[in-house]
Number of protein chains: 2
Amino acid sequence: MSINCRNCPLRTLQVFRSMSADEVKFMQEFKRGELSVDAGSTILMEGSNSPQLFTALKGVGLRYKNMPDGQRQVVNFVLPGDFVGLQAGLMGEMQHSVEATTQMTLCVFSRNELWDIFRHQPERAFDLTWLAALEEHFLGETLAVVGRKNGEQRIAWGLLKYYCRMDALGLANNGQVQFPYRQQDLADALGLSLVHTNKTLKRLRERQVVRWDSGILRVSNLRLLAECADVDDYSVMERPLI
Amino acid sequence: MSINCRNCPLRTLQVFRSMSADEVKFMQEFKRGELSVDAGSTILMEGSNSPQLFTALKGVGLRYKNMPDGQRQVVNFVLPGDFVGLQAGLMGEMQHSVEATTQMTLCVFSRNELWDIFRHQPERAFDLTWLAALEEHFLGETLAVVGRKNGEQRIAWGLLKYYCRMDALGLANNGQVQFPYRQQDLADALGLSLVHTNKTLKRLRERQVVRWDSGILRVSNLRLLAECADVDDYSVMERPLI
DNA sequence: CGGAATGTTGAGCTGCTTCAATCGTCGTGG
DNA sequence: CCACGACGATTGAAGCAGCTCAACATTCCG
């Protein structure tokens, strides 16, 4: 049974800009259905031209690019509320793949109707652009981190960022969030080798900064983690939900 | 004297999607004027809330972020046809600074009227979103390069990308384009140190892959450069112009 | 002429990589 | 119930790509 947008559990969270009743109604019509996929499934493939766009509702995933030499770059982690497939929707072709790390449920929209949004719902179109700009912002920050920080700072930053996003979604409990990725995924996200990632995690664990095992990330002192990452602002920006 | 959009020299280039007469007319109305700045001027400042948006017409610049520890990450190079200020326009605050490297001329738009685009010109709003998605794509690619490639590949990639973009703008002559940046700028764009950048450039020069001196970048064998960068597709995507 | 900015080069060091081996966990099939 | 293989985490060792430091060259401009 598909959720009605009116009852969408994400909509009412603080991180998401509130929607008018009209907007909710429109989204409901725009929504084609729901997709549920198992852990490990590929949702969108680099180079493909998907007829569908999605908003993640439940579960987490990864966006990544494959390099010509076989390496992989994780572009970011996909969390509930994230919109995926915009590139295919606009430019006709995905520039990265999206894969489910846990079981995921996603809202499905039809690419053909994307255009309707621009014609009939300028507010929603504005929000879509906002999301694209937000993604751009996030990637710019990531680029700066990967380009300019050392291993420990990168890892601290990656975990901090993830924790804060999860927290904003109400998915943090007592300093703990689900973090069901492999060390390889984190390494690929931060431009580090697996071995170095492992050793750096160990050091952070020993210094009681973060603990990450069996899929759980534990942060007792957020400020300390932020210090290790050398960031001063780790607030989560309010944003629209599509 | 300000250029009329109808006579805009960029509009008719292959890289830019052609516009209908109506669109041109609307852009002309949307356009507030032109801004001309000297080399070295800051056009938009990180954290600021600019009332204006711009499209670069002439000259080149840089987008960059400042890090808490004083380092700098160049996010990308700004070339004619690039739209700058979208983040401020949507999210209310720039996440990076934009600075002119040479003298630049920019089309000026008013942020207040951005909303009008969404209401009255859905096609143009669509294009705006497209541009944001394109930027996201580019940053994703950059992230992958900086995160996963070695110094030589990064530099070859950076120069290749720049050359191709300039070429698409009709600004390449016989394998030569203007490249009026400092080595430090390239280093900051690719996450390398100045010294290593310098030495790698020397090696590429000696191997006759690229020559870059006195502000001119010379590429005699594009394929060879692409090989050094380990990329197989270096075509420039057609895109909208705002 | 002097000073600032940029480019060039050498030397030495280290953060990170690669290689390689081991361990624990878990699901599967005999 | 146990053996086996697959996968991920962990650890040690060795090497090097790229960093920092430092000096010097070149160009340009007031």
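Sequence order as written defines the numbering, with residues in each chain counted from 1. All chains are assigned letters beginning at A, and all ligands numbers beginning at 1, according to the order in which they are written. Whole-chain, interface and lining totals are the exception, using all residues; otherwise, since this is a predicted model, local features are given only for residues with pLDDT of at least 70 and side-chain atom pairs are given and counted only at 80 or more. Hydrogen atoms and water are omitted, and side-chain values are computed over all heavy atoms in the structure.

> Can you walk me through the UniProt feature "domain: Cyclic nucleotide-binding" (unreviewed entry) in chain A in this structure?
UniProt positions are given in the numbering used here, feature names are shortened, and annotations may be inferred rather than shown by experiment. Feature annotation in UniProt places "domain: Cyclic nucleotide-binding" (unreviewed entry) on residues 15-124 of chain A, given in this structure's numbering. Secondary structure elements are defined from DSSP: runs of H or I of at least 4 residues count as helices, runs of E of at least 2 residues count as strands, and each element is numbered from the N terminus. The distance separating the terminal C-alpha atoms of residues 15-124 of chain A is 17 Å; by composition the span is 24% helix and 39% strand.

> Please clarify how the relation of the copies chain B and chain A should be interpreted in this entry.
Superposition of the two copies of the chain requires a rotation about an axis together with a shift along that axis. What sets the superposition is a least-squares fit of C-alpha atoms, and only residues with pLDDT of at least 70 in both copies go into it. Once chain B has been moved 0.0 Å along the axis and rotated by 180 degrees, it coincides with chain A to within an RMSD of 0.0 Å. Taken together, these values place the two copies in the relation of a two-fold axis. A share of 100% of the interface residues of chain B reappears at the interface of chain A, consistent with the copies meeting face to face through the same patch. What makes two residues a contact is simply this: any of their non-hydrogen atoms within 4.5 Å.

> Before we go on, may I ask you to explain the interface of chain B and chain A in this structure?
The extent of an interface is frequently quoted as the accessible surface area lost upon association of the parts. With 49 residues of chain B at the interface, the matching set in chain A holds 49 residues. Each partner contributes to the roughly 4500 Å² buried at the junction of chain B and chain A, and carbon and sulfur atoms together form 70% of this total. Looking only at chain B, the three residues that lose the most surface to chain A are Glu 136, Leu 143 and Arg 148 of chain B, adding up to 18% of its buried area. Think of a polar contact as two N or O atoms within 3.5 Å of one another; within protein, one of them needs to be a possible hydrogen donor and the other a possible acceptor, and neighboring residues in sequence only count if both atoms come from side chains. Counting every contact that joins chain B to chain A gives 13 residue pairs in polar contact (both at pLDDT 80 or more). Those elements that place two or more of their residues in the side of chain B that touches chain A are β4 (61-66), β5 (72-78), α2 (86-91), α3 (114-120), α4 (122-148) and α6 (183-190) of chain B. Of all the elements, α4 of chain B adds the most residues to the side of chain B that touches chain A, at 22 residues. Lys, Arg, Asp and Glu make up the charged group, whereas Ala, Val, Leu, Ile, Met, Phe, Trp, Tyr, Cys and Pro make up the nonpolar group; the residues left over, Gly among them, are polar. When grouped by side-chain class, the residues that make up the side of chain B that touches chain A number 24 nonpolar, 11 polar and 14 charged. Put simply, buried area is how much 1.4 Å-probe accessible surface two parts lose in total, over both of them, once they are put together.

> I would appreciate a short explanation of the UniProt feature "domain: HTH crp-type" (unreviewed entry) in chain A in the present structure.
The feature "domain: HTH crp-type" (unreviewed entry), as annotated in UniProt, sits at residues 149-223 of chain A in this numbering. Measuring from the first to the last C-alpha atom of residues 149-223 of chain A gives 18 Å, for a span that is 55% helix and 12% strand.

> Help me understand the nonpolar core in this model?
A general feature of soluble globular proteins is that nonpolar side chains tend to end up buried together. Residues belong to one nonpolar core when they are buried, are Ala, Val, Leu, Ile, Met, Phe, Trp, Tyr or Cys, and are joined through side-chain atoms within 4.5 Å. Relative accessibility decides the category of a residue: with a 1.4 Å probe and only protein chains considered, values under 20% of the type maximum give buried, values over 50% give exposed, and everything between is partly exposed. Counting residues in each nonpolar core, the largest one holds 139 residues, and the members touching the most others are Phe 77, Tyr 162 and Leu 217 of chain A together with Phe 77, Tyr 162 and Leu 217 of chain B. Dropping the residues within four chain positions of it, Leu 217 of chain B is found in contact with Leu 159, Tyr 162, Tyr 163, Gly 175, Gln 176, Val 177, Phe 179, Val 210, Arg 211 and Trp 212 of chain B.

> Explain the sheet that holds strand β7 (residues 97-100) of chain A to me, please; I cannot follow it from the model alone.
Within a sheet, adjacent strands bond to each other through the backbone by hydrogen bonds, running parallel or antiparallel. The pairing criterion for strands is at least two bridges between them, as found by DSSP. Across the sheet, 4 strands lie side by side as β2-β7-β4-β5 (chain A); this open sheet has antiparallel pairing. In this open sheet, the two edge strands, each paired with only one partner strand, are β2 (42-44) and β5 (72-78) of chain A. Within this sheet the neighbouring strands show an average axis-to-axis angle of 30 degrees, counted without direction. Working convention: axes come from line fits to C-alpha atoms, limited for helices to the stretch in contact. Angles between N-to-C directions cover 0 to 180 degrees. Sheet contacts for α4 of chain B: β4 (61-66) and β5 of chain A; angle to β5 of chain A, the most-contacted strand, approximately 125 degrees.

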